[in-house]
Amino acid sequence: MLTKKGKYGLKALVHLSNLPVGQLAFVNDIAVANNIPKKFLDAILGELRNAGFVQSRKGKEGGYRLARPASEIKIGHVVRVLDGPLAPIPCASRTQYQRCEDCDEATCQVRHMMLEVRQAIAEVLDNRSLAALRDADNDDFPVELTSQI
């Protein structure tokens, strides 16, 4: 499940992607516009900066901006940086695999299903850029999914 940290990080990146190229945004402006606690956003933006997604400048004319074009930032990469592996259970993770002590991985039906789940999540998130997220027309949400919400 996407944590608040992951959700807020994505919202902040979408906010920054809406700015003209090179323009900086103050943390407080991002926080207020997206209903994110400022102190929490400070920490999230620090992680995003360390991962190379955003750049910052200190001082009166300071703020944050994207470090590279939104079309080059993949949502899967952002989620992994902020929330860790995409897999719902450790034995299905590619990046932080941990063997289960309570089952035989070769025959465990739960693990095999969770490998499929992980793959489906990765397929969506790794093929969606920040620009695509920003530009998404919410009118194209699949009808069959709206009845499940």
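What this report covers is the structure whose coordinates are included nearby. (Residues numbered from 1 in each chain as written. Predicted model: local features only at pLDDT ≥ 70, side-chain atom pairs only at ≥ 80, totals over all residues. Heavy atoms only, no water.)

Details of the pattern of salt bridges
Summed over the entire model, instances satisfying the criterion amount to five salt bridges. With its nearest N and O atoms 3.2 Å apart, the salt bridge here joins D42 to K38. With a gap of four residues between them, D42 and K38 both fall in helix α3 (residues 38-50), about one helical turn apart. Classification of D42 by relative accessible area gives partly exposed; the value is 31%. Note that R80 and D126 form a salt bridge whose closest N and O atoms lie 2.8 Å from each other. On the criterion of sequence distance, the pair formed by R80 in helix α4 (residues 75-83) and D126 in the loop between α5 (109-125) and α6 (130-135) is long-range, its members being 46 residues apart. Take R80: its relative accessible area is 22%, and that puts it in the partly exposed class. (Salt bridge = Lys/Arg side-chain N within 4 Å of Asp/Glu carboxyl O. Helix = DSSP H or I, 4+ residues; strand = E, 2+ residues; numbered from the N terminus. Buried < 20%, exposed > 50% of the residue type's maximum accessible area, 1.4 Å probe, protein only.)

Let's talk about the packing of helix α1 (residues 4-17) against α3
If you want to describe how two helices pack, look at the angle between their axes and the distance between the axes. Relative to each other, α1 and α3 sit at 75 degrees, their axes nearing to 10 Å. Taken together, the axis directions place α1 and α3 in an arrangement best described as roughly perpendicular. Along its contact with α1, which presents K4, K5, Y8, G9, A12 and L13, the element α3 presents F40, L41, I44, L45, E47 and L48. The residue inventory of the contact of α1 with α3, partitioned by class, reads eight nonpolar, one polar and three charged. (Axes fitted to C-alpha atoms, helices over the stretch in contact; angles between N-to-C directions. Parallel < 35°, antiparallel > 145°, perpendicular 65-115°, else oblique. Contact = heavy atoms within 4.5 Å. Nonpolar A, V, L, I, M, F, W, Y, C, P; charged D, E, K, R; others polar.)

So, α3
For α3, with 13 residues, the first-to-last C-alpha span of 18 Å sits near the 18 Å given by 1.5 Å per residue. Looking at the buried side of α3, the elements it contacts are α1, α2 (27-34), β1 (54-57), β2 (63-66) and α4. Positive phi shows up at G52, right after α3, with a value of about 85 degrees. (Expected span 1.5 Å × (residues − 1).)

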